[in-house]
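Report on the structure
Listed below, chain by chain, are the residues.
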Amino acid sequence: MLRHLPPCTSQYLLSLYNWIWESSSVPEDWLDAVVLPVRKPGSLGTSPKDFRPIALTSCVCKLFERMVNVRLMWFLEHHHLLSPSQFGFRKCRSTTDVLVNLEVYIRTDFAAKTSIVAVLFDLEKAYDTTWRYHILSQLHSFGLRGHLPLFLRSFLSRRSFRVRLGTALSASFQQYEGVPQGSVLSTTLFLVALNGLLSSLPSGVFSALYVDDLTLCCQGDDSPLLQRRLQLAIDAVSSWATDHGFKFSTSKTCAMTFTRKRVVLRPSLSLYGHKLEYKDSAKLLGLFLDTRLSWSPHISYLRVECSKALTLLRVLSILLGGQIGALSLLYIPLLSCLSSIMVALLTRLLLLLLFAVLMLCTILGCASVLVPFVRLPSLACMLTLASCLSRTAVIATVFVLLRGPYNILPLASVVL
C-alpha cells in the first residue's frame, strides 16, 4: 500500500521520518503491539506455553525500521563488529551455511577416522529476556554515536502490548525488558546482544550460532579430553548467558556423537548441573541429523510430508471435481512449498540413475563414452543439475512421476 502512495504523500512521510530521526521521539502508537496467540503444532492448548505469540505492529513504523536497520547493519558489517560464527539475519549467510560447515567438519573427521561430540543448545525465551541496557552499552562500545543510538533508546523504551483473542482485546501491558516481537530491528539488536557469547570458548571447539540456536562440536578419540574440552565450553557459554540475562533450556539442549565406529563415545556432560541427554537423531535448523550422517531420518520425514500433501491434494481433487480454477489455487501453493523437498528427492533419484547407468556401461564395455561426465563429482553434478531446474519444472516433473502410471514414491522410499 505504501508503494502506491502519491508523490506528495510520500514526501510528507519522508518529512515525518526525518523529524523522528532528528528528534529521537517515537510516536506512542508505534510502541504498542497487538499480540495474536497461535497454538503450537502438537500442543493441547491448555497452557499459555502451548501458544506462540504473533505481534502485529504499525506498517509505517516497519518501513522506518527497515531504513534504520540498513544503516545499522552496514555499520556492523563494515567495521567487522559481529562474530564470524553468527549466521542469522546477515547478508549472504543463511541456515545452509551453518549446516554445510557442520557437515564438512563432521565428514573431515570421518575421513580421519575420529569421532565428533556435538552439543545443540536452545535459549529459553530469547527475545523476551534480552537486556535493553546491554544492547545500548554494546552499541556504545562499538563506537556508535549520533542519532542512531538515541533513536534505538527511544524505540526500546515504553513498549507495550495487548492480546487479541477473537474480537476481544485485553488491557495494555508494559514490556520492561526484551526486544519487541514482530519488529524489523529486533533481529539485528538480538545479534548485537549475543555477539560476545562465543568470545570465551576454548581452542579446538567448533561453534555456529544462528539466532538462538547454538552448536558446539569437538573431535577426538580420547573420551576424558573430549569431556574436559566440551565441559569447559559449556560452562563458558552458560556463564556468559547467566551474566547477561539469558538462560539455556536444559530440556531442549541435547548432545550427539557422530561416528562410524562400533564403539560410540558418550562423555558425561552437564548444563546447570543437569546431565545432558544423548540422542541418536536431533533436529537442527529444520534438518534431522543422525549419528552416521546418513540423512535417513530427514529423508523419511520428507517422505511423510510429501505423502501428506499428496493425500490432501488427492482428496481435494475428488471433492472439487473438475473445477480447474479452484484446483489450481490449491495445487500451486502446496507444490511450491514442497519444491525444495522435491529437489532433494529428485537429486537422490538422479544419483541412483547415474549409478545404474555407470554400472550398465561398465558391464557392456562402453564406459568410455561417459568419461567426460565421470570426471566431475557425481554429487556436485547432480546438485548443479537439480538447482538449474526451475520451480515449475520441478513441480511438473515430480507431479507426473508421483501421479503417473509408474508410482515412484514407494520405489524411492525403498531405495533411499
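Note: the structure precedes this text.
The structure contained in this document is the topic of the report that follows.

What counts, and where the lines are drawn
- Residues numbered from 1 in each chain as written.
- Predicted model: local features only at pLDDT ≥ 70, side-chain atom pairs only at ≥ 80, totals over all residues.
- Heavy atoms only, no water.
- Phe/Tyr/Trp six-rings, centres within 6.5 Å; stacked < 30°, edge-to-face > 60°.
- Helix = DSSP H or I, 4+ residues; strand = E, 2+ residues; numbered from the N terminus.
- Buried < 20%, exposed > 50% of the residue type's maximum accessible area, 1.4 Å probe, protein only.
- Pairing = 2+ DSSP bridges.
- Contact = heavy atoms within 4.5 Å.
- Axes fitted to C-alpha atoms, helices over the stretch in contact; angles between N-to-C directions.
- Parallel < 35°, antiparallel > 145°, perpendicular 65-115°, else oblique.
- Nonpolar A, V, L, I, M, F, W, Y, C, P; charged D, E, K, R; others polar.
- Salt bridge = Lys/Arg side-chain N within 4 Å of Asp/Glu carboxyl O.
- Expected span 1.5 Å × (residues − 1).
- Arc of directions from axis to C-beta.

This next bit is on the packing of aromatic side chains. Think of a pair of aromatic rings as described by two things: how far the centres are apart, and how the planes are tilted against each other in angle. Inspection of the entire model under this criterion finds 14 aromatic pairs. Taking 5.0 Å as the distance between ring centres and 55° as the angle between the ring planes, the aromatic pair formed by Phe-121 and Phe-248 counts as tilted. One end of the pair, Phe-121, is in strand S3 (residues 115-122); the other, Phe-248, is in the loop between helix H7 (223-243) and strand S9 (254-258), with 127 residues separating them in the sequence. Since its relative accessible area comes to 1%, Phe-248 is described here as buried.

For the rest of this paragraph, the subject is the sheet that holds S9. Pairing between the strands of a sheet comes from backbone hydrogen bonds, and it takes one of two forms, parallel or antiparallel. Read across the open sheet, the 5 strands follow the order S7-S8-S3-S9-S12; overall the sheet is mixed. Two strands bound the open sheet, and with one partner strand each, they are strand S7 (206-210) and strand S12 (277-278). The strands touched by helix H3 (residues 95-111) are S3, S7, strand S8 (213-220) and S9; relative to S7, the strand with the most contacts, the crossing angle is about 160°. Lying over the sheet, H7 contacts S3 and S8, oriented at roughly 160° with respect to S8.

Right, let's talk about the side chain of Thr-57 for a bit. By the secondary structure assignment, Thr-57 is in the loop between strand S2 (51-56) and helix H2 (59-78). Judged by relative accessible area, which is 14%, Thr-57 ranks as buried. Apart from the residues lying within four places of it in its own chain, the contact partners of Thr-57 are Ala-33, Lys-62, Gln-181 and Gly-182.

Axis separation between helix H1 (residues 7-23) and helix H5 (residues 147-156) bottoms out at 8 Å; the angle between their running directions is 95°. Looking at the two axes, H1 sits roughly perpendicular to H5. Contact with H1, carried on its side by Ile-20, Trp-21 and Glu-22, involves His-147, Leu-148 and Phe-151 of H5 and no other residues of that element. In terms of residue class, the contact of H1 with H5 is made up of 4 nonpolar, 1 polar and 1 charged.

Right, let's talk about H5 for a bit. Helical geometry: 3.6 residues make up each α-helical turn, so side chains three or four residues apart lie on a common side. Burial within H5 is extensive, with 7 of its 10 residues counted as buried. Those residues of H5 not exposed but buried are Leu-148, Pro-149, Phe-151, Leu-152, Ser-154, Phe-155 and Leu-156. Contacts from the buried residues of H5 go to H1, H2, helix H4 (132-141), strand S4 (159-165) and helix H6 (184-193). Backbone geometry just downstream of H5 places Arg-158 in the positive-phi region, at approximately 55°.

Across all of its chains, the model carries 7 salt bridges by this definition. A salt bridge links Glu-28 to Arg-158, with the nearest nitrogen and oxygen atoms 2.4 Å apart. Of the two residues, Glu-28 is situated in the loop between H1 and strand S1 (32-39) and Arg-158 in the loop between H5 and S4; the sequence distance between them amounts to 130 residues. You can call Arg-158 partly exposed: its relative accessible area is 39%. The partner of Glu-103 in a salt bridge is Arg-107, with the nearest N and O atoms 2.9 Å apart. Pair noted here: Glu-103 and Arg-107 are both in helix H3, with a separation of 4 residues, about one helical turn.

This part covers H3. With 17 residues, H3 should cover 24 Å at 1.5 Å per step; its first-to-last C-alpha distance of 24 Å lies within 8% of that length. Every buried residue of H3 is listed here: Val-98, Leu-99, Leu-102, Tyr-105, Ile-106, Asp-109 and Phe-110. Along the axis of H3, the buried residues cluster in a sector spanning 140°; they form a single face. Within two residues after H3, Lys-113 carries a phi angle of roughly 60°, on the positive side.

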